[in-house]
Amino acid sequence: MKTLCYRVLMVGVTVAVTLLVVGDIGDAVSVGLVANLAKTGVYYAYERLWDRIEWGLSRP
């Protein structure tokens, strides 16, 4: 739930910043949604990649 709330907050921030820059609510919402979907996908792939890396882990 914490992650979902954070993502919703970040969509709102992205939409607000984009609205200030471009001045069009439709474009701002589109950028906010697409950017955050892309970020979520990249984060997932990044975490999957790091799950395969063994260096830097302590050995028991």
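A brief structural summary. (Residues numbered from 1 in each chain as written. Predicted model: local features only at pLDDT ≥ 70, side-chain atom pairs only at ≥ 80, totals over all residues. Heavy atoms only, no water.)

**As for helix α2 (residues 25-51)**
Inference 1: Between its terminal C-alpha atoms α2 stretches 39 Å, which fits the 39 Å expected from 27 residues at 1.5 Å a residue.
Inference 2: Those residues of α2 lying buried are Ala28, Gly32 and Asn36.
Inference 3: Contacts made by the buried residues of α2 are with α1 (2-22).
Inference 4: The N-cap of α2, judged by a side-chain oxygen 3.0 Å from the amide nitrogen of Gly26 a few residues on, is Asp24. (Helix = DSSP H or I, 4+ residues; strand = E, 2+ residues; numbered from the N terminus. Expected span 1.5 Å × (residues − 1). Buried < 20%, exposed > 50% of the residue type's maximum accessible area, 1.4 Å probe, protein only. Contact = heavy atoms within 4.5 Å. Polar contact = N/O pair within 3.5 Å; in protein donor to acceptor, adjacent residues only side chain to side chain.)

**Comments concerning the environment of Gly12**
Inference 1: With respect to the helices and strands, the residue Gly12 is situated in helix α1.
Inference 2: Residue Gly12 is classed as partly exposed on the basis of its relative accessible area of 38%.

**Here's the deal with the side chain of Thr18**
Inference 1: Note that Thr18 resides in helix α1.
Inference 2: Aside from chain neighbours lying at most four places away, what touches Thr18 is Gly23, Asp27, Ala28 and Val31.

**Some remarks on α1**
Inference 1: In this model, α1 (21 residues) spans 30 Å end to end at C-alpha, consistent with the 30 Å of a helix rising 1.5 Å per residue.
Inference 2: The set of residues buried in α1 consists of Val11, Thr14, Val15 and Thr18. What you see down the axis of α1 is that its buried residues fit within an arc of 100°, all on one side. Counted as exposed and oriented over 90 degrees from the buried face of α1: Lys2 and Leu20.
Inference 3: Looking one or two residues past α1, Gly23 carries a phi angle of roughly 75°, positive in sign. (Arc of directions from axis to C-beta.)

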